[in-house]
Amino acid sequence: MDRRRIRVLLVEDEEIHRVVARAVLRAAGVEVEEAENGAEAVRRVRESGAGGGSGAYNLIFTDKQMPVMDGHEATRQIRAMGVATPIVAVSSDSLPPDVQAFITAGANDFTPKPLTKEKLGHILAKFGLA
Amino acid sequence: MAAAMQLNTLMSNMFATGLLDDQFQQLQMLQDPSAPDFVAEVVTLFCEDGERIIGELAKLLDKPAVDFDKVDAFVHQLKGSSASVGAQRVKNTCIQFREFCQGKSRDGCLKTLDAVRNDFYDLRSKFQTMLQLEQQVQASFYPKQ
């Protein structure tokens, strides 16, 4: 798959993490859209024509702690729309209970912050986007 | 030339003394002509975050009744920023800090706040020098006519 057609939604409230993750994603040739909290992420997924299928995004990265709506709730709501897009949690909280909470909410995978070229490579390969 | 050598020495020292880790090198590799100020942008964000968070931590730990959950949340945020910029020593001090938060030890938190403050200001000072030297190196390659 041409990476230039891969659309990723990055859900992150803190600017430093958005800046770094954006750079890693763009360096990999993916198209990045951003949401600063879970509610905005849910809105973007809904407006992207999601529902009953894979939606317009090929991959969603989400942080956990965010204002308005956190990553767990955003994941639950995106799944409740019937969106099957892979969701990967990216969080500094990486203890087993934190990971399990995301998986229970419907995430497909978890990676500790910060997102790096190597981690992104593994994730894209895992979901057939490499 | 002198600025370039000073910059190399500074960077080598920052890695050798554990101030920075591999993540900073990852950031340097992400900088290119399409994002020529990327490292400076991330460093600036880290310095702003760090200054703000350390101020909040000092206020919280000065209260008669310490809200350790709030303290932990701020330390968690600083740890995350540190990890993203490659600030290894600050990050490791934050890890210790969180242990004192979870143990609800005010004394432990205060001592570690001092340590994180010292580590942060040391790093910030070196980052400022780094950015100044980079500008001098750039100026020597592209002198104004």
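Our subject is the structure listed above.
Trainee: Kindly report on helix α5 (residues 117-126) of chain A, identifying the contributing residues and their values.
Mentor: Quick reminder: α-helices carry 3.6 residues per turn. Residues three or four places apart thus point the same way. Residue and element names in this part refer to chain A. Every buried residue of α5 is listed here: Leu120, Ile123 and Leu124. Projected down its long axis, α5 shows its buried positions confined to an angular sector of 100 degrees, all on one face. In this structure, α5 carries Glu118 and His122 as exposed residues pointing more than 90 degrees from its buried face. Of the surrounding secondary structure, the elements contacted by the buried residues of α5 are α1 (15-27), β3 (59-62), β4 (87-91) and β5 (109-112). Immediately downstream of α5, the backbone of Gly128 shows phi near 70 degrees, a positive value.

Trainee: Tell me about the pairing of β3 of chain A, and name the residues and values.
Mentor: Residue and element names in this part refer to chain A. Of the two faces of β3, the one holding Leu59 and Phe61 and the one holding Ile60 and Thr62 are both buried throughout. The pairing of strand β1 (residues 7-11) with β3 spans four bridges and is parallel. Considered in β3, the bridge of Val11 is made with Thr62. Here β3 pairs with β4 via three bridges, running parallel. Considered in β4, the bridge of Ile60 is made with Ile87. Read from β3 through helix α3 (residues 71-80) to β4, the crossover connection turns out right-handed.

Cut-offs and rules
Residues numbered from 1 in each chain as written. Chains lettered and ligands numbered in written order. Predicted model: local features only at pLDDT ≥ 70, side-chain atom pairs only at ≥ 80, totals over all residues. Heavy atoms only, no water. Buried < 20%, exposed > 50% of the residue type's maximum accessible area, 1.4 Å probe, protein only. Helix = DSSP H or I, 4+ residues; strand = E, 2+ residues; numbered from the N terminus. Arc of directions from axis to C-beta. Contact = heavy atoms within 4.5 Å. Pairing = 2+ DSSP bridges. Right-handed = clockwise from strand over helix to strand, strands pointing away.

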